[in-house]
Structure formats: structure tokens, C-alpha cells
Amino acid sequence: MAANVSSQTGRSRSLSLLKRGQWTVTLLLLLIGTIDYMDRSTLSIGNPLIRSSLHLSVAQMGVLLSAFSWSYALAQLPAGGFVDRVGPRRLIAVGMTIWSLAQAASGFVVGLGQFIFARIFLGIGEAPVWPGGARSVNSWHKVRERGRPIGIFNSASTLGPAIASPILTAIMLGIGWRGMFIVMAVLGFIVAAIWYFVYRNPQETQIDTVDQIELRKGDTQETSQVRFIQWLRMFRYKETWGMIFGFFGTVYLLWLYITWLPGYLELARHESIAATGLLSSIPFALGFVGSIVGGLVSDWFAKRGVSPIASRKYPLVAGLFGMAVFTVPAALVHSAVWAVVFISLAEFFGNISSATAWALPTAVAPPNYVASLGGMQNFGGYFGASLAPVVTGLLVAASGGSFVSALIVGALVAVASALVYAILVRKPISGEGLEVPLTRAANHI
């Protein structure tokens, strides 16, 4: 009897540790993701003062603004592989340290070249965070329960920009744009240390072996180890390419709004700067809700017997279609109020898509390649992010200041991406398929 009571007590303690660990990791990832997006916003918020202080032209500022996106996109491929090989604890901490050093350096630059260099390293430093977050959630949650924590983590992509404007503007007005960069750097160093000293994989804790085995139920088969040749073999699968090209459209339209929403409201809707600041925050607030909803809906499908991939893909594809559907009237209505309503709904559905897209690698990839596949997907997404502001600017200029064609193009890109996800992403990638010679891989192109 005593042994049985002791066993039950030990199991109860193990489950309590598991739940506590799951919430600790999720909230830490939310904090890191929020700081990530606040750091990305520093240059945009300081734009007028920085241009004046460094005597930069609008064209030079455009080059500076794009430096982050290109380096971030290109760094996604190696970052995901390194996370899988080294682990999220060290890679996220190292990434945060690099990007915080880049932020600190931004506070001391004296010219455009130095600033571009700092922004490039900001992109490199931030590259491991989202693949590392996906890998961390994969380690701490069952395959059918990963939607909610991914949704909470992904909500940082809207929470960060929403709170960045008032907080960073206040800091900048108080101690200048250089001080703003340095304050964010110090915050990054502190959170990097917290992550490194707090985060552990479940196997490194006192969680019972039975509960650790339960976490892995439903996962696809792992490879024997993470090797470069197996990483390359991921590109032989249509699922990989479906996620790369599919996420291109998700991030393209989301970043069209992130980069051009204030300009759209001022130029096309003739709103004042003060009104623009208030109206711009509404779509991001709806996007925050959408990310949480996307994760919850995904898990709802999974718990009702829908396959792990389909439970992620249904809300993902629906979110892309919804984002496209509401972008069209946003382009065509005459009322600024209705335009903001439709853009907010587009952001809501777009973040449902974004959240479930980040949950998808945990269902498609072998457990020790989740970060690699997440990095590959994000590589495609940030090519969309890099092109969206440029293409939008060209289309607006060509149409005499109208955003109609730019928004319609964004909607069409979202629809095309929904079809790519629906058609190409169907089966999990097995570790066994990555181990065998390419000609014998069961699902390669």
C-alpha cells in the first residue's frame, strides 16, 4: 500500500513538473518573440530622427530597412539545422546575444555602412528564434497538443509591434534614438541569460520516464542523428517545397500590412498622423487574437481524431483564404473605417494561418528535424517579406498613389499559397526515408 501511494505521489509530482515546464517554456518563448519583434521595430520608429541625424535620403533609408529581411531570410536555412544539431537552449541564447550586440552597435553608428552591417547581424541573430521555438514546443508537448503553445508564441509577432510604438517612442523621446537601441540591447542580454539558465529539455528534468515517452506518442520516426546529408534530403520532399512556397504568401501579405499600413492610411485614406497611429494598432490587436484562435482550433481538430497534419492544414488554408477575401474589399471600399475593419479581419485570418503554419513542422518533420523544416519554411516566408514592401511601393507608384492593385496582388498571392499548402503538404516526412538512399525515399519528388 505504501509503495502504491509513493508511486502515485511520484507520478503526480511528475505531471505537475511537466505542466509547469510546458507553461514556463511557452511564456518564455512569448517574451523572447515579443522582444524579437520590438527590436525589428526600432528602426521604423526611429526613422525620421535617424534620417535627420545621419543625413540619409529616403532611398538610403529604404536600403537600410531591407537589410534585416534579406539577412534574416538567408540565415533561416543554416539556423534551423544548427538548432536541431545543437539544441534550442544554446542556439536561442547565442542568437539573442548576437542580435543584442547588433542593437547595441546600432546605438553608436556614425554612417549608413555601419548601420547596414548592424542590421545584417540583427537578422542573423534573430534567425534561430522561431525554428528554435518550434523545436522547443515539439519537445515539451504531444503532437496533438502543440497548436495552442505555438499560437501563443506566434502571437508575439503582433504583440511586439503593437506595444513597440508607444514604449519605444517614449524611450526615444526621453533619451534619444541611440539610447533606444541600447536599452533594447540590455533587455535582450537579460532575457538571453534567463532563457539559457531556465530552459531544459524534458529529458534533463525530473519528469517521469513514462510521461516523457507519452510526449513522443504520434511523432514521426527520428533519424539516427542530425547530419548535413539528411538535411539536404529534406529538399527531396514535396512537403518541404509546399511549406516554403506556401509560407511565402502568408508572410508576403502580413508584411505588406506591417510595412505599408501607416502609409496606406495617410496616402490613400487621408488620415492624420495621430489618427494613423491609433488606427494602425487595431489590426495588430485582431492579429494577436487570431494567432491564439489558430492554435486552439488546430488542437480542437487534433483532439477529435483529425490527423496531425490535417488539423494544422485546415485552419492554415482557411486562414489564407480568409485573409485574401477580406483584403479585396479593404482595397475597394471608400470608407476609411470600413477599410480598417476589413484589414483587421484580414490580419485576424492571416495570423490564424501564421500560427498553424508554425505548428505544421512539428507534424510533418521527424522530431529531430522540426527546427530544420521550420527554418526552410521561414526562408520562403521572408523572401515574401523582403519582396512585399518593394512590390507594393512599385505598384503604388505606377498607379499614381492607389493601393488597389497592390492589395489585389497580395490577395492573389495568398490564394496561390493556400492552394500550394492544400495540394503539396499531405504526408509526414519519416526519419527512415531520410536515412535510406535517395532513390528509395518513399515520398520524394
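Right above here is the structure, for reference.
These numbers were taken from a predicted model, which means no experiment stands behind them.

How each quantity is defined
- Residues numbered from 1 in each chain as written.
- Predicted model: local features only at pLDDT ≥ 70, side-chain atom pairs only at ≥ 80, totals over all residues.
- Heavy atoms only, no water.
- Helix = DSSP H or I, 4+ residues; strand = E, 2+ residues; numbered from the N terminus.
- Buried < 20%, exposed > 50% of the residue type's maximum accessible area, 1.4 Å probe, protein only.
- Contact = heavy atoms within 4.5 Å.
- Core = buried A, V, L, I, M, F, W, Y, C linked by side-chain atoms within 4.5 Å.
- Phe/Tyr/Trp six-rings, centres within 6.5 Å; stacked < 30°, edge-to-face > 60°.
- Lys NZ or Arg CZ within 6 Å of the ring centre and 35° of its normal.
- 1 Å grid on protein atoms, 1.4 Å probe; cavity = no way out; pocket = protein on both sides within 12 Å on 5 of 7 lines; lining within 4 Å.
- Points joined across faces, edges and corners; volume = space filled by probe spheres on them.
- Nonpolar A, V, L, I, M, F, W, Y, C, P; charged D, E, K, R; others polar.
- Salt bridge = Lys/Arg side-chain N within 4 Å of Asp/Glu carboxyl O.
- Polar contact = N/O pair within 3.5 Å; in protein donor to acceptor, adjacent residues only side chain to side chain.
- Patch = residues over 30% accessible without salt bridge, like charges linked within 9 Å, V, L, I, M, F, W, Y side chains within 5 Å.
- Areas by Shrake-Rupley, 256 points an atom, 1.4 Å probe, with all protein chains shown as cover.
- Lys, Arg positive; Asp, Glu negative; His and termini not counted.
- Charge placed at Lys NZ, Arg CZ, Asp CG, Glu CD.
- Axes fitted to C-alpha atoms, helices over the stretch in contact; angles between N-to-C directions.
- Parallel < 35°, antiparallel > 145°, perpendicular 65-115°, else oblique.
- Left-handed = near helix turned anticlockwise from the far one by under 90°.

### Some words on the side chain of Asn 378
Moving on, step 1. Position of Asn 378 among the secondary structure elements: in helix 15 (residues 370-398).
Moving on, step 2. Looking at Asn 378, the relative accessible area reads 2%, which means it is buried.
Moving on, step 3. If we skip the residues at most four places from it in the chain, Asn 378 touches Tyr 72, Gln 76, Trp 130, Phe 247 and Trp 358.

### Quick word on the nonpolar core
Moving on, step 1. Residues Ile 50, Phe 115, Trp 177 and Tyr 421 are the most contacted members of the largest nonpolar core, which totals 108 residues.
Moving on, step 2. Ranked by residue count, the leading element in this core is helix 11 (residues 238-267), at 13 residues.
Moving on, step 3. Apart from the residues lying within four places of it in its own chain, the contact partners of Ile 50 are Leu 43, His 55, Leu 56, Met 61, Phe 115, Trp 177 and Phe 181.

### Section: the packing of aromatic side chains
Moving on, step 1. Taken as a whole and judged by the stated rule, the model has 26 aromatic pairs.
Moving on, step 2. Measuring from centroid to centroid gives 6.0 Å for Phe 115 and Trp 177, while their planes differ by 15°, and the two rings are stacked. With a gap of 62 residues between them, Phe 115 in helix 5 (residues 112-126) and Trp 177 in helix 8 (residues 156-198) connect regions that are remote in the sequence. Accessibility classification places Phe 115 together with Trp 177 in one group, the buried group.
Moving on, step 3. Ring geometry for Trp 231 against Phe 235: centres 5.4 Å apart, planes inclined by 80°, an arrangement best described as edge-to-face.
Moving on, step 4. Overall, Phe 235 belongs to the partly exposed group, its relative accessible area being 21%.
Moving on, step 5. The structure contains a cluster of three or more aromatic residues connected by ring pairs, namely Tyr 37, Trp 130, Phe 153, Phe 247 and Trp 358.
Moving on, step 6. The lysine or arginine in question, Arg 40, covers the ring of Tyr 37, its NZ or CZ lying 4.1 Å from the ring centre.

### Details of the layout of surface pockets
Moving on, step 1. Roughly 390 Å³ of volume is contained in the second largest pocket.
Moving on, step 2. Lining the second largest pocket are 19 residues, and of these Lys 19, Gln 22, His 141, Glu 145 and Arg 148 sit closest to its centre.
Moving on, step 3. Secondary structure elements with two or more residues in the lining of the second largest pocket: helix 1 (2-45), helix 7 (147-154), helix 9 (209-215) and helix 12 (273-303).
Moving on, step 4. Sort the elements by how many residues they give to the lining of the second largest pocket and helix 1 lands first, with seven residues.
Moving on, step 5. For the lining of the second largest pocket, the per-class residue count stands at seven nonpolar, three polar and nine charged.

### A closer look at the pattern of salt bridges
Moving on, step 1. Using the criterion set out here, one finds six salt bridges in the structure.
Moving on, step 2. Taking the shortest distance from any N to any O, the salt bridge between Lys 142 and Glu 214 comes out at 3.6 Å. Of this pair, Lys 142 sits in the loop between helix 6 (129-140) and helix 7 while Glu 214 sits in helix 9, and the two are 72 residues apart along the sequence.
Moving on, step 3. Relative accessible area serves as the criterion here: at 27%, Glu 214 is assigned to the partly exposed category.
Moving on, step 4. Among the ionic contacts, a cluster of salt bridges with common partners joins Asp 36, Arg 40 and Glu 126.

### Focus on empty space enclosed by the protein
Moving on, step 1. Taken as a whole and judged by the stated rule, the model has two cavities of 30 Å³ or more.
Moving on, step 2. In this model, the largest cavity occupies a volume close to 190 Å³.
Moving on, step 3. Along its surface, the largest cavity is lined by 18 residues, and Tyr 37, Ser 157, Leu 254, Ser 354 and Tyr 382 are the ones closest to its centre.
Moving on, step 4. Looking at the lining of the largest cavity, the elements that each hand over two or more residues are helix 8, helix 11, helix 14 (336-364) and helix 15.

### Thoughts on the environment of Phe 197
Moving on, step 1. Looking at where Phe 197 falls in the secondary structure, it is placed in helix 8.
Moving on, step 2. Given a relative accessible area of 61%, Phe 197 falls into the exposed group.
Moving on, step 3. Once the C-alpha coordinates of Phe 197 and Ile 309 are considered, the two residues, 112 residues apart in sequence, prove to be 33 Å apart.

### A word on the side chain of Ser 417
Moving on, step 1. With respect to the helices and strands, Ser 417 occurs in helix 16 (residues 404-424).
Moving on, step 2. In this structure Ser 417 comes out as buried when scored by relative accessible area, which is 3%.
Moving on, step 3. Engagement of the side chain of Ser 417 in a polar contact is seen with the backbone oxygen of Gly 246, the distance being 3.3 Å.
Moving on, step 4. If near-sequence neighbours (up to four positions away) are discounted, Ser 417 is found in contact with Phe 245, Gly 246, Phe 248, Gly 249, Thr 250 and Leu 320.

### What to know about a positive patch on the surface
Moving on, step 1. A cluster of like positive charges, contributed by Lys 19, Arg 148, Lys 303 and Arg 304, occupies part of the molecular surface.
Moving on, step 2. Summarising the element assignment, Arg 304 is placed in the loop between helix 12 and helix 13 (308-332).
Moving on, step 3. On the basis of relative accessibility, which here comes to 53%, the residue Arg 304 falls in the exposed class.

### Let's talk about the packing of helix 13 against helix 14
How two helices pack is summed up by the angle between their axes together with the distance between the axes.
Moving on, step 1. Across the interface, helix 13 lies against helix 14 with an axial gap of 7 Å and an inter-helix angle of 160°. Here helix 14 runs roughly antiparallel to helix 13, going by the angle between their axes. Viewed along their axes, helix 13 and helix 14 form a crossing whose handedness is left-handed.
Moving on, step 2. Along the lines of polarity and charge, the residues of the contact of helix 13 with helix 14 split into 22 nonpolar, six polar and one charged.

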